[in-house]
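# Close look at the chain arrangement
Below, each chain spelled out in residue letters.
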Amino acid sequence: MKKLLLMCAAASCLTVVQVHAQVNTTPQAATDPAMAEYKAARDKISADYKAAKAACDAMKDNAKDVCMEEAKGKEKIAKAELDQKQKPSDGNARKVAEAKVEARYEVAKEKCDDQKGDAKNACVKEAKAEEAKGKADIKAMKK
């Protein structure tokens, strides 16, 4: 009889614990409006990137490549800015600056592909110089 009572008591305790756990668990995004807003912003960035990428599909040759690099750059910059907005810090500010420098360089480099010979070499050299200047400015931010 004692065993039966002990088993019933243990079973009822486990049931109460399980019900309590089911009732009191809520997703993080539902309890924190800032996280829900952050996730919505990330989803919007992703949707904007997909739309820009789709717009690039209508283009041909190097114009399409330039368009794709611009879309990728905008996405990287937007994500870095969102992270900076969510968690402001010097590190995140540098990441925003790095994303901007990298995006400008990639687009400029891709635009250089339209040119030939010495003009292309000069264009690439100028793009690399701009990138180096941007990186130097970012390095100065660290100090």
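Procedures and definitions
Residues numbered from 1 in each chain as written. Predicted model: local features only at pLDDT ≥ 70, side-chain atom pairs only at ≥ 80, totals over all residues. Heavy atoms only, no water. Salt bridge = Lys/Arg side-chain N within 4 Å of Asp/Glu carboxyl O. Helix = DSSP H or I, 4+ residues; strand = E, 2+ residues; numbered from the N terminus. Buried < 20%, exposed > 50% of the residue type's maximum accessible area, 1.4 Å probe, protein only. Expected span 1.5 Å × (residues − 1). Core = buried A, V, L, I, M, F, W, Y, C linked by side-chain atoms within 4.5 Å. Contact = heavy atoms within 4.5 Å.

## Description of the pattern of salt bridges
- Applying the stated criterion to the full structure yields 12 salt bridges.
- Put simply, K39 and D43 hold a salt bridge, and the shortest N to O gap is 3.4 Å. Highlighted residues: K39 and D43, both in helix α3 (residues 33-57), separated by four residues, approximately one helical turn.
- According to the relative accessible area criterion, K39 is partly exposed, its value standing at 47%.
- On the basis of relative accessibility, which here comes to 41%, the residue D43 falls in the partly exposed class.

## What about helix α6 (residues 117-142)?
- When the terminal C-alpha atoms of α6 are compared, their 38 Å separation across 26 residues agrees well with the 38 Å that a helix rising 1.5 Å per residue should span.
- Listed as buried for α6 are C123, A127, E131, G134 and I138.

## Concerning the nonpolar core
- Counting residues in each nonpolar core, the largest one holds five residues, listed as I77, A80, V96, A99 and A103.
- Where this core is concerned, the elements lending two or more residues are α4 (61-86) and α5 (90-112).
- Element by element, the count of residues in this core is highest for α5, at three residues.
- Aside from chain neighbours lying at most four places away, what touches V96 is A80, E81 and Q84.

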